[in-house]
Number of protein chains: 2
Amino acid sequence: MKIISGGVCAAKGFTAGGVHCGVRKNRTKRDLAMIFSEKKASAAAVYTTNLVKGAPLTVTKNNIADGYAQAVICNSGNANTCNADGIEIAEKMCAIAAETLGISAKDVVVASTGVIGQPLSIAPFESGIPAAKAVLSTDGSDAAAEGIMTTDTVKKEIAVEFELGGKVCHIGGIAKGSGMIHPNMATMLVFITTDANIAPEMLGKALSSDIADTFNMVSVDGDTSTNDMVTVLANGMAENECICADGADFAEFMKALNTVTVYLCRCIAGDGEGATKLLECNVSGGKDVANAKTVAKSVICSSLLKAAMFGADANWGRVLCAIGYSGADVDVNKVGVTFKSPKGEITVCVNGAGVDFSEEKAKEILLEKEIEINITLGDGNACATAWGCDLTYDYVKINGDYRT
Amino acid sequence: MKIISGGVCAAKGFTAGGVHCGVRKNRTKRDLAMIFSEKKASAAAVYTTNLVKGAPLTVTKNNIADGYAQAVICNSGNANTCNADGIEIAEKMCAIAAETLGISAKDVVVASTGVIGQPLSIAPFESGIPAAKAVLSTDGSDAAAEGIMTTDTVKKEIAVEFELGGKVCHIGGIAKGSGMIHPNMATMLVFITTDANIAPEMLGKALSSDIADTFNMVSVDGDTSTNDMVTVLANGMAENECICADGADFAEFMKALNTVTVYLCRCIAGDGEGATKLLECNVSGGKDVANAKTVAKSVICSSLLKAAMFGADANWGRVLCAIGYSGADVDVNKVGVTFKSPKGEITVCVNGAGVDFSEEKAKEILLEKEIEINITLGDGNACATAWGCDLTYDYVKINGDYRT
């Protein structure tokens, strides 16, 4: 398996593109993305657990209930959520895309991201969707990645090449994250494409299984969005023997999928609103995976710890505190904590109590851009990883006047 | 019932004081508080639910297991938590206080607040506790309130006068809050004194019942502290007939207690670290109290909403979002939201969807220092209130380098 370029267009038969259609006033930023598969593809998606759900999610869920889709259309700048005519607008977006692409409206995945509760006009899409189709190309992943960004500061895309039964396959994805990012699911928009041949039910199984350890372990601000989802389209053009059951090929596909999703998780966490650092919390020695996950998530979500990391302050008491209130069944007297970065590793807590350490060395380690907070629980063999970011002045600034 | 001055010394027989003993290096800020009752008092306390508990909590719990106490000793600047010799130090603090005051060490309530995981030396207390005793007076509530402050910017105290069976009674309290404040319990230090005559078991019942609607409904940052507790001492010197069971007197006592606790909750929320605004979320029309509370807490804890309130941005979509992921059983299509302050009230959402409103008027309302976020669920008659504060640059600043 190797990392390649091309994003969502790395897989055979997929083209993508992005344009400015006018949902956003700022003309310098694309606000509409399209992804198209030459052949109808197996489709799977997971959705936010928020009771308030964006209208596009309902429409998408309905459209891919048969297990297939052929195109994705997604705008940024308006979430199409809490609007009386939301479903109608999302369905119209699908209808326009279908007519433009010459496919069925039931084969369109539709998504929106942006402000909640502002009416979304269909007008920008009437010209925007045909314009997006006009720019579809195998080089279009980058433009599509830009089209779905909100307060993201960098585009997020990746692709990998792998083999299934001697056939070269590809899987790639684009994502947007930034704010309102919190497990569980679906706390961001992620679109993944692959030319692997895999049955819809196995694709769904792969995705559901994968997100439990990836996107559901990312938190930027503890707010679970109303709109977000992860979708995968698999068009089978790699011509591998169809994956219709568990086995070596399914395992290999899962591995490739996981490479894409972990990379995108780290991108989303590291580019959280206002973030200056990516935080990765690795928990080992857990009694079971559920406990290890609960600890990892609690630590990564602590506002106090996040602020300490922003200040490069090795305030490990806040790690212990977050473990203590996590609800996990742990023996706090066995807990160990180390901080690690490219500058080295430092142990700050053993058996639940502080140990002498060099504040100077700790500062040097914590001034880096990627920090690991490594926790040992001493209770068993279960492990878990969660990703987050620091809490900064800019998070407050961005969210203090998001709409203005 | 009326509000009076005097804080924890308003009740007969109580004196208090605060000194600088040297736990903190800054000599201009008192770091040790003492409260003393002339007579042994009924005692009740509630403690943090964090598995990592400060050593003083364990010692206090043990000391008041018999239902009685006579003195409180509390330092700020060091939490005495995650220290190998924590229990020993807390017990020595009690022993010194007992010797100084001529009471039993088992009648001392001990508390500490500050940095976690730094060894606490007994040395400052050897001279500090006698010094605190030397300044004990009926005017000492203010000095004691200062002695327990950490990043608090204002002292928090209140007292009320009320009658039980023709006898004038008093109840007063001091509190510290600021950071690491989150339900459930015991997310701050609160010391309440009263001269009401009430049996320990009824005092415990009153406190446990009260905090469910007061201190457990306050959140500053979602971090449940390791150290905090609420204690009440009742010395009976008002000479009312002892409250030994439910009834009118118990109800009257509960009312007085609630006046003290709600006031202190609002103080703690409004003086949250970096806060510029007190937020009060009132939920009505809930299916049951549990649902109403879940909604109120979720809204008050949303980082995104807190940042929007800092920016006086009527971004009500974030209220809906927080209701949606709260886990409460609500029909999001029935939800209504209004914002209210001394400048007026404005409805921004009806039946789960936005309504036209004046952004200018909303801004004027949200620029005030105390904001109500009022939510109707349309599902029943249950109500709940939660208190919090906005998320500001200063929260990040304070917590980015708390230890330095």
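What counts and what doesn't
- Residues numbered from 1 in each chain as written.
- Chains lettered and ligands numbered in written order.
- Predicted model: local features only at pLDDT ≥ 70, side-chain atom pairs only at ≥ 80, totals over all residues.
- Heavy atoms only, no water.
- Helix = DSSP H or I, 4+ residues; strand = E, 2+ residues; numbered from the N terminus.
- Rg over C-alpha atoms; globule rule 2.2 N^0.38 Å.
- Buried < 20%, exposed > 50% of the residue type's maximum accessible area, 1.4 Å probe, protein only.
- Contact = heavy atoms within 4.5 Å.
- Buried area = accessible area lost by both parts, 1.4 Å probe.
- Polar contact = N/O pair within 3.5 Å; in protein donor to acceptor, adjacent residues only side chain to side chain.
- Nonpolar A, V, L, I, M, F, W, Y, C, P; charged D, E, K, R; others polar.
- Core = buried A, V, L, I, M, F, W, Y, C linked by side-chain atoms within 4.5 Å.
- Pairing = 2+ DSSP bridges.
- Axes fitted to C-alpha atoms, helices over the stretch in contact; angles between N-to-C directions.
- Arc of directions from axis to C-beta.
- Parallel < 35°, antiparallel > 145°, perpendicular 65-115°, else oblique.
- Left-handed = near helix turned anticlockwise from the far one by under 90°.
- Least-squares fit on C-alpha atoms with pLDDT ≥ 70 in both.
- pLDDT = per-residue confidence, 0-100.

Draft legend 1. Focus on the overall build of chain A. Per the secondary structure count, chain A includes 11 helices and 15 strands. Radius of gyration (C-alpha) of chain A: 21 Å, near the 22 Å computed for a compact globule of 404 residues. Seen along its three principal axes, the alpha-carbon backbone of chain A occupies a region of about 70 × 55 × 35 Å. Considering chain A as a whole, with its 404 residues, one finds that 63% of them fall into the buried category.

Draft legend 2. Quick peek at the interface of chain B and chain A. Taken residue by residue, the interface counts 51 residues in chain B and 50 residues in chain A. Together, the buried faces of chain B and chain A total about 4,100 Å²; carbon and sulfur atoms form 59% of this surface. Run the count over chain B and chain A and you get 0 residue pairs in polar contact (both at pLDDT 80 or more). Of all elements in the fold, only helix H8 (303-310), helix H9 (317-324), strand S13 (353-354) and helix H11 (393-400) of chain B reach the threshold of two or more residues within the side of chain B that touches chain A. Top element by residues in the side of chain B that touches chain A is H11(B). It accounts for 6 residues. Class assignment for the residues of the side of chain B that touches chain A results in 24 nonpolar, 18 polar and 9 charged.

Draft legend 3. Local environment of the environment of B:Glu88. Residues and elements named next belong to chain B. Inspection of the secondary structure assignment puts Glu88 in helix H2 (residues 86-101). Note on Glu88: relative accessible area 44%, which makes it partly exposed. As for Glu88 and Val59, which are separated by 29 residues in sequence, their C-alpha atoms are 9.2 Å apart.

Draft legend 4. Up close: the nonpolar core. Core analysis: the largest hydrophobic core is formed by 81 residues, its most contacted members being A:Phe253, A:Val299, A:Phe339 and A:Ile375. A:Phe253 has contacts with A:Phe162, A:Leu164, A:Ile171, A:Thr194, A:Ala196, A:Ile198, A:Leu203, A:Ala206 and A:Ile243, leaving out every residue within four places of it along the chain.

Draft legend 5. Seen up close, the sheet that holds strand S11 (residues 336-341) of chain A. All names here are of chain A. Ordered in space as S13-S12-S11-S14-S10-S15, the 6 strands form an open sheet in which the pairing is mixed. Looking at which strands have only one partner, the edges of the open sheet turn out to be strand S13 (353-354) and strand S15 (382-389). The pairing of strand S10 (residues 278-286) with strand S14 (residues 370-376) spans 7 bridges and is classified as parallel. Bridge assignment links Ser284 to a residue of S14, and that residue is Thr376. Set on the sheet, helix H6 (residues 248-270) makes contact with S10, S14 and S15; between it and S15 the angle comes to about 40 degrees.

Draft legend 6. Region of interest: helix H3 (residues 123-134) of chain A. All names here are of chain A. When H3 is considered as a whole, its buried residues turn out to be Pro124, Phe125, Gly128, Ile129 and Ala132. Buried residues of H3, viewed axially, fall in a sector of 110 degrees; they line one side. Residues Glu126 and Ala134 are exposed on H3 and point more than 90 degrees away from its buried face. Where H3 is buried, its residues contact strand S2 (14-19), strand S3 (32-47), strand S4 (68-78) and helix H2 (86-101).

Draft legend 7. Summary view of the packing of H2(A) against H3(A). Residue and element names in this part refer to chain A. Contact geometry of H2 with H3 gives a least axis separation of 9 Å together with a crossing angle of 40 degrees. Between H2 and H3, the angle falls in the class oblique. In this structure, the crossing between H2 and H3 has a hand that is right-handed. For the pair formed by H2 and H3, the contact residues are Met93, Ile96, Ala97, Thr100 and Leu101 on the first element and Phe125, Glu126, Ile129, Pro130 and Lys133 on the second. Among the residues making up the contact of H2 with H3, the classes are represented as 7 nonpolar, 1 polar and 2 charged.

Draft legend 8. Geometry of the packing of helix H7 (residues 289-301) of chain A against helix H9 (residues 317-324) of chain A. Residues and elements named next belong to chain A. Contact geometry of H7 with H9 gives a least axis separation of 8 Å together with a crossing angle of 130 degrees. Taken together, the axis directions place H7 and H9 in an arrangement best described as oblique. When you trace H7 past H9, the crossing you get is right-handed. Along the contact surface, H7 presents Val295, Ser298 and Val299, while H9 presents Val319, Ala322 and Ile323. Looking at the contact of H7 with H9, its residues break down into 5 nonpolar, 1 polar and no charged.

Draft legend 9. Broad picture of the relation of the copies chain B and chain A. With an axial shift of 0.0 Å and an RMSD of 0.0 Å, the rotation relating chain B to chain A amounts to 180 degrees. Taken together, the rotation and translation relating the two chain copies correspond to the operation of a two-fold axis. Taking C-alpha positions as reference, the residue of chain B nearest the rotation axis is B:Tyr393, located at 2.5 Å. Taken together, the interface assignments show that 98% of the residues at the interface of chain B recur at the interface of chain A, consistent with an identical surface on both copies.

Draft legend 10. Layout of the confidence of the model for chain A. All names here are of chain A. Averaged over chain A, the pLDDT score is 91; the fraction of residues at 70 or greater is 96%. Low pLDDT (under 50) marks residues 183-187, which in the prediction has 32 contacts with non-local residues, meaning those over four places away or in another chain. For this predicted complex, the interface confidence comes out at an ipTM of 0.73, alongside a pTM of 0.80.

Draft legend 11. The arrangement of the sheet that holds S13(B) in detail. Residue and element names in this part refer to chain B. Spatial strand order, S13-S12-S11-S14-S10-S15: 6 strands in an open sheet with mixed pairing. The sheet is open, and its two borders are formed by S13 and strand S15 (382-389), each paired with just one other strand. Packed onto the sheet, helix H10 (residues 359-366) meets strand S11 (336-341), strand S12 (344-350) and strand S14 (370-376) and runs at close to 120 degrees relative to S12.

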